[in-house]
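# Topology and contacts: notes
One letter stands for each residue in the lines below.
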Amino acid sequence: MKRLLLCFSSVLIKVALIAQSDNIPTLQWRPVYHFTPDKNWTNDPNGLLYLNGEYHLYNQQNPFENFWGHMSWGHAVSTDLIHWKHLPIAIPEKIKDSDTTWIFSGSAVWDKSNTSGFCNNGGCVVAIYTAHSPNRRNESQYIAYSNDDGKTFTGYEKNPVIDLDRLDFRDPNVFWYEPGKFWLMTVVVPDMHKAQFYRSPDLKNWTLLSEFGPQGYTGANWECPFLIQLPVEGTNIKKWVLGISAAGGERGVFEQYFVGDFDGKEFKNDNAADKVLPLDYGDTYYAAIPWNNVPGDKNIYIGWMIPNTQPTWPWRGQMSIPRDLSLKQTTEGYRLIQKPSSVVVKNLDKFSNNVVSVSNLQLNNEEINPDKTGKIKGNAYWLDAELDVKPNAVAGFKIAQQKDAGGKVINETIISYNSSTRQLTVDRTNAGGKLNEHALKRSIDVQGNSHTVRLTILLDKSSLEVFVNDGEAALTTYIYPGENADKIVAFAAGGSAEIKNLKIRDMSNSGK
């Protein structure tokens, strides 16, 4: 087992990286409607920016190899968050004499008023990122600017703009804070489990405002922060959410969030300091940050899906489906709602060629194939369902299934709801591939006491995302089904259930 450097630095997670010397293509697992690089390694999303009708997705990339290293900013753009145009490396690693500077994670903004003085005409893109210097054992914050809509960047000659003379100090997330008329940066001191907030009038000169933490989960170094103001559904209330990634401890791959208030200087947590709120209940979701400058006050973010131990080639790593963010008021306080972005959902009819629709399907201790005409081809689809599960029954779907001639299961992933315990479980015991054995079963405690549950299941060759009750919870993971493991069945065990509504959209020809 090798140790894989996941998100820039000292946080090391044990991941068995299988040697890729044979370079065997694994196109059967390459996602169709999720972002992957053309080739080579990718990790954290960076510099998310909407500009001139396009969503810019910069991302940590190794331009040369299919594993972590040579960290640079890759670049892709999309008009619909499904089809991506891959562009040349935007900010490459820098090697000068005996010193190497890797371009670690950060953000990008549209400086429409030329506060930085970098812009030629009508604004420019400014990237803010961590420069990691392994030889000097230093991480500091750099800026670079672009006057060609983010295609190429020029480094600021007086970099760094913030330097604490530390090995671990990274991942600046910046946006324009309108109430104070200044740029606001959230950045972390990982081993201290602290987020720091800085202000600047020009993106070059920064003043420390305050620190937050340690709070919540502190079992691993903090990374990849973001701060965003979100509406509370059904009200006129807005609250601030602080997101923090922290992988490598007893929780494995993990990202948490805090809900509270920000007054332009300090973030104050609504919950007890030891309250831990997971962003996702799976074993792969990490380093998620939101897009800047999205019109209509949309709040969209995307996360990196950390690769499992199963090798893939010629790419390794992918992004989640972009997700819309909001808050919901519950008996326990304000909680995050995240669901597939409306930018994607409104175009589903364009993306999918075949649709299976079923209603009032009764199940009683049985498995039923809802796709009797065979419209869904392969393991790239979008499934929406509402289930009414009777007491003591467990019901749901078995996906990517294959049985031998004798009826023995070879491959399947089971997504089930137990109405008595009110738990949604994803069981990958027979999912195929080389998986993290400690995470083969993951469960979500579903809020409320209803026997009814609504599910959105996104299977895209190897990636699996499950959204519960219109985004009250999400679970993100990987599966690696065999060549003929592509059946979908609805089931009920221990009693009866009704699938009130079911729609499955074939996404296999949605294209990249």
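The paragraphs below set out a description of the structure included in this document. The model shown is predicted, which means the values in this text are computed figures rather than measured ones. (Residues numbered from 1 in each chain as written. Predicted model: local features only at pLDDT ≥ 70, side-chain atom pairs only at ≥ 80, totals over all residues. Heavy atoms only, no water.)

## Section: the overall build of the chain
A count of helical and extended segments in the chain gives two helices and 36 strands. In terms of C-alpha radius of gyration, the chain reaches 23 Å, essentially the compact-globule figure of 24 Å for 512 residues. Each principal axis of the C-alpha atoms in the chain carries an extent, and together these give about 70 × 55 × 40 Å. The buried share of the chain, taken over its 512 residues, is 60%. Across the chain, every contact between residues at least 6 apart in sequence was considered, and the portion connecting residues at least 24 apart equals 60%. Of the accessible surface of the chain, which amounts to about 20,000 Å², a share of 46% is contributed by carbon and sulfur atoms. One finds the centroid of the 52 positive side-chain charges in the chain at a distance of 2 Å from the centroid of its 56 negative side-chain charges. (Helix = DSSP H or I, 4+ residues; strand = E, 2+ residues; numbered from the N terminus. Rg over C-alpha atoms; globule rule 2.2 N^0.38 Å. Buried < 20%, exposed > 50% of the residue type's maximum accessible area, 1.4 Å probe, protein only. Contact = heavy atoms within 4.5 Å. Areas by Shrake-Rupley, 256 points an atom, 1.4 Å probe, with all protein chains shown as cover. Lys, Arg positive; Asp, Glu negative; His and termini not counted. Charge placed at Lys NZ, Arg CZ, Asp CG, Glu CD.)

## What to know about the packing of aromatic side chains
Tallying each qualifying case throughout the model produces 29 aromatic pairs. Joined through ring pairs, the aromatic side chains of Phe 175, Tyr 177, Phe 182, Phe 197, Trp 240 and Phe 262 make up one cluster. Looking at Arg 251, its charged tip hangs above the ring of Tyr 217, at a distance of 5.3 Å from the centre. In this structure, Arg 323 packs its charged tip against the face of Tyr 285, placed 4.1 Å from the ring centre. (Phe/Tyr/Trp six-rings, centres within 6.5 Å; stacked < 30°, edge-to-face > 60°. Lys NZ or Arg CZ within 6 Å of the ring centre and 35° of its normal.)

## With respect to the sheet that holds strand E13 (residues 170–177)
Read from one edge to the other, the open sheet built from four strands follows the order E13-E14-E15-E16, with strand pairing classed as antiparallel. Both outer strands of the open sheet, E13 and strand E16 (207–212), are each paired with one neighbouring strand and no more. The sheet shows a mean angle of 25 degrees between the axes of neighbouring strands, direction not considered. Sheet topology note: the strand E15 (residues 194–200)/E16 ladder contains five bridges and is antiparallel. The residue bridging Arg 199 from the neighbouring strand is Thr 207, located in E16. (Pairing = 2+ DSSP bridges. Axes fitted to C-alpha atoms, helices over the stretch in contact; angles between N-to-C directions.)

## Some thoughts on the state of the cysteines
Considering all chains together, one arrives at one disulfide under this definition. Across a sulfur-sulfur distance of 2.2 Å, Cys 119 and Cys 124 are joined as a disulfide pair. A torsion of -55 degrees about the S-S bond marks the disulfide between Cys 119 and Cys 124 as left-handed. When sorted by exposure, Cys 119 lands in the same class as Cys 124, which is buried. (Disulfide = S-S within 2.5 Å.)

## Describing the sheet that holds strand E19 (residues 255–262)
Taken together, the four strands give an open sheet; going across it, the order is E17-E18-E19-E20, and neighbouring strands pair in antiparallel fashion. Only two strands of the sheet have a single partner each, and these edge strands are strand E17 (223–231) and strand E20 (267–269). Each strand axis lies, on average, 40 degrees off the axis of its neighbour in the sheet, ignoring direction. With three bridges connecting them, E19 and E20 associate as antiparallel partners. Bridge assignment links Asp 261 to a residue of E20, and that residue is Lys 268.

## Quick word on empty space enclosed by the protein
Tallied over the full model, the rule gives three cavities of 30 Å³ or more. The space that makes up the largest cavity amounts to roughly 80 Å³. Lining the largest cavity we find Trp 29, Pro 307, Asn 308, Gln 310, Thr 312, Trp 315, Arg 316, Gly 317, Gln 318, Ser 462, Tyr 478 and Tyr 480. If you add up the space inside the second largest cavity, you get close to 60 Å³. In terms of lining residues, the second largest cavity is bounded by Pro 45, Ser 105, Gly 106, Asp 171, Pro 172, Asn 173, Cys 224, Pro 225, Ala 287 and Ile 289. Going through the elements one at a time, strand E8 (99–111), E13, E17 and strand E21 (285–290) are the ones with two or more residues in the lining of the second largest cavity. Broken down by element, the lining of the second largest cavity gets its largest block of residues, three residues, from E13. (1 Å grid on protein atoms, 1.4 Å probe; cavity = no way out; pocket = protein on both sides within 12 Å on 5 of 7 lines; lining within 4 Å. Points joined across faces, edges and corners; volume = space filled by probe spheres on them.)

## Re the environment of Thr 130
Along the polypeptide, Thr 130 turns up in strand E9 (residues 124–133). Here the alpha-carbon distance between Thr 130 and Trp 102, two residues 28 residues apart in the chain, equals 8.3 Å. Contacts of Thr 130, omitting those with residues within four sequence positions, involve Trp 102, Ile 103, Phe 104, Ser 105, Glu 139, Ser 140, Gln 141, Phe 169, Arg 170, Asp 171 and Pro 172.

## What about the nonpolar core?
In terms of nonpolar packing, the biggest core is built from 54 residues, with Tyr 55, Leu 81, Val 241, Trp 291 and Trp 382 touching the most fellow members. Per element, the largest residue contribution to this core is five residues, and it comes from E21. Filtering out sequence-adjacent residues up to four positions away, Leu 81 remains in contact with Tyr 55, Trp 291, Ile 300, Pro 322, Ser 341, Val 343 and Val 344. The next biggest cluster of nonpolar side chains, apart from the first, holds 45 residues, and it includes Met 305, Val 356, Val 389 and Ala 395. (Core = buried A, V, L, I, M, F, W, Y, C linked by side-chain atoms within 4.5 Å.)

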